[in-house]
Amino acid sequence: ILFVYSLINRYKILDFLPGRSLIEFLVEQGFVVYCIDWGTPTRADQDLTWDDYLHRYLDRCVQVVLAETGSPHLTLYGYCMGGTMALSYAALHPAPVGNFVAQAVPVDFANDGILTRWTERQFFNADALVDAEGNVPIALMESAFRYMDPIGTQQKWLDFFKKIGDPAFVETFLAMEEWAGDNIPFPGEVYRQYLRDCYQTNAFCRGEMQVGGRRVELRQITCPVLTVIADRDNIAPPASSEPLPRLVASPDTATLRFATGHVGLTASSRARREYWPQIVAWLGPRSSPLPGATTPA
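The rules behind each value
- Residues numbered from 1 in each chain as written.
- Predicted model: local features only at pLDDT ≥ 70, side-chain atom pairs only at ≥ 80, totals over all residues.
- Heavy atoms only, no water.
- Core = buried A, V, L, I, M, F, W, Y, C linked by side-chain atoms within 4.5 Å.
- Buried < 20%, exposed > 50% of the residue type's maximum accessible area, 1.4 Å probe, protein only.
- Helix = DSSP H or I, 4+ residues; strand = E, 2+ residues; numbered from the N terminus.
- Contact = heavy atoms within 4.5 Å.
- Bend = angle between axes of the 7 residues up to and from the residue.
- Pairing = 2+ DSSP bridges.
- Right-handed = clockwise from strand over helix to strand, strands pointing away.

**Thoughts on the nonpolar core**
The nonpolar side chains of a soluble globular protein tend to be buried, and buried together. Counting residues in hydrophobic clusters, the biggest one holds 90 residues, and the most contacted among them are Met81, Phe100 and Phe186. Among the elements that line this core, the one with the most residues is helix α3 (residues 81-92), at eight residues. For Phe186, the residues in contact, after removing those within four places along its chain, are Leu7, Ile8, Met81, Asn135, Val136, Met141, Tyr191 and Tyr194.

Encoded structure:
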């Protein structure tokens, strides 16, 4: 399994805390797991494009995983905006992708809730922002997510002080705050195309987005595809994720829905008991032992 995480913040939510780590859980189930750390973009990275990230970075990661494991294919596991990137890669390079898991991944950006509204062309000039700043500043990204749920942003602190005597709650709360506050700049040219081809024109969903001179057509994806949806997700609303099975050409698609939010899929106390076992139940029959692996007697 190769996790492809978002460029907006760090992948560590996938390995949140002992006992509440999706990566830990998958390893316990016998999977070999890799995860991409995109690093921290600097001004030297502001001109990198989707083509660079897909064909210079993501493709290299795929090739390294295949070389190290000796497997002819892998499971691409995309989360949030990283899933949109991973779908682009799978559409352009379907051969090495044996399975695809899309967790909280926006696909139809005409139905991506308040983010679609905020980024409409008449309200938001992505070109002016990138031209002026290069990489998108951390403060802008953080403020956007805070204002998506201003009441919840304040309510969480009231809940914290109500439960300050619960060590387990305090540990989880502080770990979540540390992760949520550890954001990184968004590479400028990637952001420019992301806003234009996803949010503002929905070219990604319509099969009109171009990367490296090639059209990203989701119907080129024929491997098994699992769509994982959080019903209370305000970042990748269900309506944005639901079309994926209809857009790919795979004869083997499934959708799992859970009564949680965007981050709850990977960090809630219920995830290990209720969510992740269902993902593994789908992945298991579609996965094979690695070459040279021995089966216990």
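**Digging into helix α9 (residues 188-200)**
Its axis deflected by about 25° at Tyr194, α9 carries its strongest bend there. Inspection of α9 places Gly188, Val190, Tyr191, Arg192, Gln193, Tyr194, Leu195, Asp197, Cys198 and Tyr199 among the buried residues, and these make up the whole buried set. Asn202 occupies a position one or two residues after α9 and carries a positive phi of about 60°.

**A few points about the pairing of strand β3 (residues 74-79)**
Most of β3 is tucked away: six of the six residues are buried. Of the strand pairs in this sheet, strand β1 (residues 2-4) and β3 are connected by three bridges, and their pairing is parallel. Bridging across to β3, Val4 finds its partner in Gly78. One ladder, built from six bridges, connects β3 with strand β4 (residues 97-103); its direction is parallel. Across the sheet, the residue bridging to Thr75 is Asn99, located in β4. Where the polypeptide runs from β3 across α3 and back to β4, its parallel neighbour, the crossover connection is right-handed.

Scope: geometric values only; no functional claims are made or implied.
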